[in-house]
Amino acid sequence: MSTPPPPPDASGHGLRALETLRERIEQAAAELTRLRDENARLADRVEELAELTGDAAGVTIEGEPAALREQVEGFIDAIDRMLAEPSPDEAASDSSPNGSSD
């Protein structure tokens, strides 16, 4: 007993399915390569950041977000006020006879 030959359209459909599968495998392999490259780049960046020394590397922020926001906004307001006020040198030059800004 022999197996009957496949219908004429069956081999074409099977080849298309195999071609589609091959394309999807190639896309998956390309994506894996891209992800591995990105992972290596990110690992290098993490290593660079871990090697940082100085004040910024040791900064930790703890507390309630609302309280931290209020504190930071207070600092910003204080800095803005300081920047808006003339420095003692500027105030002295503005009040001197030759220091007018006309």
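To be clear, the structure that these remarks concern was listed above.
Remember, predicted model here, so these are calculated numbers, not experimental data.

Peer 1: Please explain the overall build of the protein as it appears in this structure.
Peer 2: The number of helices and strands found in the protein is 3 helices and 0 strands. From first element to last, N terminus to C terminus, the protein shows the α and β order α-α-α. With 102 residues in all, the protein has 1% of them scored as buried.

Peer 1: Can you walk me through a negative patch on the surface in this structure?
Peer 2: On the surface, a cluster of negative charge is made up of Glu 70, Glu 73, Asp 77 and Asp 80. Position of Glu 73 among the secondary structure elements: in helix H2 (residues 65-84).

Peer 1: Looking at this model, I keep getting lost on the pattern of salt bridges. Mind explaining?
Peer 2: Oppositely charged side chains can form a pair if their charged atoms are brought close together. Under the counting rule described, the total for this entry stands at 5 salt bridges. Across the pair Arg 22 and Glu 26 runs a salt bridge whose closest N-O atoms are separated by 2.4 Å. Pair noted here: Arg 22 and Glu 26 are both in helix H1 (residues 8-51), with a separation of 4 residues, about one helical turn. For Arg 22, a relative accessible area of 38% gives the class partly exposed. Judged by its relative accessible area of 45%, Glu 26 falls in the partly exposed class. One salt bridge in this structure joins Arg 45 and Glu 48, with 3.2 Å as the shortest N-O distance. Of the two residues, Arg 45 and Glu 48 both sit in helix H1, 3 residues apart, roughly one turn of that helix.

Peer 1: Explain the environment of Leu 68 to me, please; I cannot follow it from the model alone.
Peer 2: Positionally, Leu 68 belongs in helix H2. Residue Leu 68 is classed as partly exposed on the basis of its relative accessible area of 24%. Apart from the residues within four sequence positions on either side, Leu 68 is in contact with Ile 61, Glu 62 and Gly 63.

Peer 1: For this particular structure, what's the right way to read a nonpolar patch on the surface?
Peer 2: On the surface, Val 72, Phe 75, Ile 76, Ile 79 and Leu 83 cluster together into a nonpolar patch covering about 510 Å² of accessible area. For Leu 83, the location among the structural elements is in helix H2. For Leu 83, a relative accessible area of 68% puts it in the exposed group.

So, how was this worked out
Residues numbered from 1 in each chain as written. Predicted model: local features only at pLDDT ≥ 70, side-chain atom pairs only at ≥ 80, totals over all residues. Heavy atoms only, no water. Helix = DSSP H or I, 4+ residues; strand = E, 2+ residues; numbered from the N terminus. Buried < 20%, exposed > 50% of the residue type's maximum accessible area, 1.4 Å probe, protein only. Patch = residues over 30% accessible without salt bridge, like charges linked within 9 Å, V, L, I, M, F, W, Y side chains within 5 Å. Areas by Shrake-Rupley, 256 points an atom, 1.4 Å probe, with all protein chains shown as cover. Salt bridge = Lys/Arg side-chain N within 4 Å of Asp/Glu carboxyl O. Lys, Arg positive; Asp, Glu negative; His and termini not counted. Charge placed at Lys NZ, Arg CZ, Asp CG, Glu CD. Contact = heavy atoms within 4.5 Å.

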